[in-house]
Amino acid sequence: MSVSDRVGEPKLNQPRAEGDNRQILLEVDNLQTHFRTMDGVNRAVDGVSFHVRSGETLAVVGESGCGKSVTAMSILRLIPEPPGKMAGAIRFQGRDLLKLSDKEMRSIRGNEISMIFQEPMTSLNPVLTIGRQIGETLRLHQGMSKQQAEDRAVEMLRLVGIPEPGRRVREYPHQLSGGMRQRVMIAIALACNPKLLIADEPTTALDVTIQAQILDLMRDLKNTVGAAIVLITHDLGVVAEVAERVVVMYAGRKVEEAPVNELFRNPKHPYTQGLLGSVPKLGSSLTGETTRLVEIPGLVPSLKQKIPGCVFATRCPSVTDLCRAVAPALQEKAPNHIAACHYAPVEASVSGTVAA
Amino acid sequence: MSASNLPSGIQIPPGLAVATPQPDILSNVKPRRGVIGFLRRYPTIAIGGTLLLIMLIIAVFAPLFWTVDPTALAPARRTREPSAMYWFGTDMLGRDVYSRVLYGARVSLLVGFSVAFFSSIVGLAIGLLSGFNRLADSIIMRIMDGMMSIPSILLAIALMALTRGSVQNVILAITIAEIPRVSRLVRGVVLSLREQPYVEAAVASGTPTISIIFKHILPNTLAPITVQATFICAAAMITEAILSFIGAGTPPIIPSWGNIMAEGRALWQVKPYIVFFPAIFLSITVLAVNLLGDGLRDAIDPRLAKKL
Amino acid sequence: MWAYIIRRILATIPVMAIVALFVFSLLYLSPGDPAAVIAGDQATPDDVERIRASLGLDRPYLVRFGAWTWDILRGDLGTSIFTNLPVSTMIQQRIEPTLSLMIVTLILAVTIAIPMGVVAAWKQGTTIDRCVMAFAVLGFSVPVFVVGYVLAYVFALELDWLPVQGYTPISNGFFPWMENLILPAVALGGVYIALIARITRASMLEVLSQDYVRTARAKGAAQPSILFVHALKNAAVPIVTIIGIGFAGLIGGAVVTESVFAIPGLGRLTVDAILRRDYPVIQGVILLFSFAYVLVNLLVDLSYTLFDPRIRY
């Protein structure tokens, strides 16, 4: 059963062949984000690479604590330094964001790359009006006057489907429901027509019915605005609905990456297999069910110690001594499909390219 | 990873894709445990504790530190500058300022510790009563509100105006002025603890109030009260000095730091050392207690930092 | 809103009643017989008794409290035993220096302490933060008269930049007035600055860890805007609360500061009254200061609505 049959959005779910000729917008290259804590260095993200093309939707999935959100925060350089420290490269339209000055970085945040957060209830400032919070990005990045910014804020509220935008724009966040607030967050994120939208669990904190509405809204807006999306989620139903490509993260590393159909049909890494094994039905969040990941037995390893072998070794059902001693590298196992597992078979179509 | 690091018996099959280890970007931190780790984490406790200990030793063993009788008058040798003979000089009555300052530590520490102790005990009792009895609470808190509306130094001054100056009366006056603060703190802790599931369960299962207090409430109030007590101790030492300084504290015959400064006041423009030596000792002692309190607060409960 | 303000004002009445009862009891319990003092050394016991009756001192406690309260409400705070002047007149004569000192100190403390706390929170864990925190602990620990003497010694005696002591009324011009107030205000403000800076830092740290600050950062807002537009308003309620509570320390400190700098204000009046055991004056001053304290905290309560739209009455 193919995913596209269910969600009725075949275009988005088509696996892209190697010949994807859209420009690479963002390239994360061996990103490391570590934190100094009282009892050791937490290697929250340790060598993650992926890319996003213009207009593409990439999903980053994994359990909580696997480094998804830290990766997202790292892209916008929202990691406080100290205690955090980043290494590697994050190239956005060819420029390495890690090398930009604070001022240059600020002109990118909310303008070319914007972000939606998980908690709409707490992500809006309780003492500033909705209009002011939407208008702030416009005044910052597009030099609008107060009046222009407010007019445009009303327009944005209408775009994200908030009734009576002229009245709401003068209200405070506590006067809005959770779903409304997430719409406001989306309005803030899209106000400056960003090229990349990072959505960190945008629907997790919402009611199931609202989740579907917000996802629909994001999909519509993506088509009108044309932004690429990095969608961070642990909800595989959401992934199946909106993503084109999927990066699976575990313990601060990328363990698998593939186009969405390929991944769902043919997961290579035991961790991905575990995740998918726990999903009852794809696309079910539209029909009102939640599809949360069921815990895979075992403990996530502490990221404060170096792990000599495979990061998943402590929980893997088919672990061997080799896994505990030698870390597997990411390797192309099928066309456009990479995974980091010693025992995932390499398909014949790519076996000639195994080099590393 | 080189093969030599591998546990014996493991062979890397040819052609296996092996990940290159990621470099360290932060130097490693060694977690420290034990006394050293504790002191590194809470340096204020170490500094405050040491300073306070020194002051305590000075106070207790004042006669051993080459002091003379702090009350011995010597009009012929008055207002001498500090010298090898009189380390801190002499005051306008010829008394040795060094000896008076050292003995002054006794008064200051006695007042500080006593006020901290008594106001904690009484405040604990009032706070518990008020936290457990609605009727008592409404009356007590009205009175506490009223008392807290009188700035505590003024309250202490007013109480001192009613009595003769003596160390006991100073302790009593400052204690009364500090009680409302402790009562409020204890009451707040009691009220929030009473809503905890385990306390509610104990109440529901018919546990007598007394045993609830001793089992669940008291142990949880001790930490915030200890921290509060150190701050009260510091405040009391300052209040004592202020009371003596304006002439409403300990009788002038007693060498307290406030008294020494009060006596040096008239001459301070020409003989500033009479005022400055007790001032330095007072400041260091209060600083020590405050540092200790800050450290304790952080060590016991970081959340408490917001309440105090 | 108005209903709330009126309710809040009414709620201060029982508090002030407790204060009044306490202050009245002070006179009631005071050692010595005011009648005997007024009658003088030559008086016979009959004279004393007559004066006692004329003063109403022979009536029961609560009756006297009622009469006394009635007098207070009409603005009659009694008569000084020592100067024979009405207490209200004495207070009027002395109020300007104290009011000036407090207002200057308040403005000074708030303008210094809040930016200090904000910067410390922003630079948490750095040397700047540690300096602010060290200053705060020092501010709590060095008593106001010690700071006063050190400042006077350095800036008045050694450097001769400012007058050592005294007070110049504001009617003599702003600068002479200010010249006399700077050192006392700095001395008096030390503890207050420490208190406000510390709470500002704590409150800001709390706010800066909130999700909406991250949102502001993700929008590309610059640091000053994040600190002062997004965070400070959210952090304001605990800060104004401590400004109100700290006012008590300001009052207590003023009593001492006026002694150090020989400022003829209410503080000096209090100290003199204590030394002379002039109870009506002590009562009047305590009553006035407590009233001011209650009033300040009432204003603080009402100011919350300015900072947080979620607080509505």
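Residues numbered from 1 in each chain as written. Chains lettered and ligands numbered in written order. Predicted model: local features only at pLDDT ≥ 70, side-chain atom pairs only at ≥ 80, totals over all residues.

## Here we look at the UniProt feature "domain: ABC transporter" (unreviewed entry) in chain A
Let me state the cut-off plainly: UniProt positions are given in the numbering used here, feature names are shortened, and annotations may be inferred rather than shown by experiment. Helix and strand labels come from DSSP, where a helix needs a run of H or I of at least four residues and a strand needs a run of E of at least two; each type is numbered from the N terminus.
As recorded in UniProt, the feature "domain: ABC transporter" (unreviewed entry) lies at residues 26-276 of chain A. Taken end to end, residues 26-276 of chain A is 40% helix and 28% strand, and its first and last C-alpha atoms sit 27 Å apart.

## Things to note about the confidence of the model for chain A
The test is simple: One confidence number per residue, pLDDT, is output by the predictor and ranges from 0 to 100. We call two residues in contact when the distance between their C-beta atoms, placed using the backbone, is within 7 Å.
When the pLDDT values of chain A are averaged, the result is 80; 87% of them are 70 or greater. Considering only residues more than four positions removed or in separate chains, one finds that residues 1-17 of chain A, a stretch of pLDDT under 50, has 26 contacts.

## Section: the sheet that holds strand E11 (residues 331-334) of chain A
All names here are of chain A. As a reminder, the rule being used: A strand pair is defined by DSSP finding two or more bridges across the two strands. Between N-to-C directions, angles span 0 to 180 degrees; the directions come from axes that are lines fitted to C-alpha atoms, helices contributing only their stretch in contact.
The sheet built from eight strands is open, its strands ordered E6-E7-E8-E3-E9-E10-E12-E11 with mixed pairing. Two strands lie at the open edges of the sheet, namely strand E6 (113-116) and E11, each paired on one side alone. Mean inter-strand twist for the sheet, computed between neighbouring axes without regard to direction, equals 25°. Inspection of the sheet shows E11 paired to strand E12 (residues 337-339) by three bridges, in the antiparallel sense. Bridge pairing links Glu332 to Ile338 in E12. Contacts from helix H9 (residues 178-190) reach E6 and strand E7 (196-200), with the element oriented near 175° to E6.

## Some thoughts on the UniProt feature "domain: ABC transmembrane type-1" (unreviewed entry) in chain C
UniProt annotation of "domain: ABC transmembrane type-1" (unreviewed entry) refers to residues 95-300 of chain C when read in the numbering used here. Along residues 95-300 of chain C, the helical share is 83% and the strand share 0%, with 23 Å between the first and last C-alpha atoms.

## Regarding the sheet that holds strand E1 (residues 24-37) of chain A
All names here are of chain A. Here we have four strands laid out as an open sheet, ordered E2-E1-E4-E5, and antiparallel in their pairing. At either end of the open sheet lies a strand with only one pairing partner, and these are strand E2 (40-53) and strand E5 (95-96). In this structure, E1 lies alongside strand E4 (residues 84-92), joined through eight bridges in antiparallel fashion. Looking at E4, one finds that Val28 is bridged to Ile90.

## So, the UniProt feature "transmembrane region" (unreviewed entry) in chain C
Residue and element names in this part refer to chain C. The UniProt record annotates "transmembrane region" (unreviewed entry) at residues 9-29, 99-122, 134-157, 177-197, 235-261 and 281-307. Helix makes up 100% of residues 177-197 and strand 0%, with an end-to-end C-alpha separation of 27 Å. Secondary structure content for residues 281-307 is 100% helix and 0% strand, and the end C-alpha separation is 39 Å.

## Some points on the pairing of strand E10 (residues 253-259) of chain A
All names here are of chain A. Our working definition: Our exposure labels follow a C-beta count within 10 Å of each residue's own C-beta, placed from the backbone: buried means 20 or more other C-beta atoms, exposed means 12 or fewer, and partly exposed covers the counts in between.
The buried fraction of E10 amounts to seven of the seven residues, a majority that puts the element mostly inside the structure. Pairing analysis gives six bridges linking strand E9 (residues 245-250) to E10, with the strands arranged antiparallel. Note that in E10 the partner of Tyr250 across the bridge is Arg253. Following E9, the chain reverses through two residues before pairing antiparallel with E10; Ala251 in that reversal takes a positive phi of roughly 50°. With two bridges joining them, E10 and E12 adopt antiparallel strand pairing. If you follow Glu257 over to E12, its bridge partner there is Ile338.

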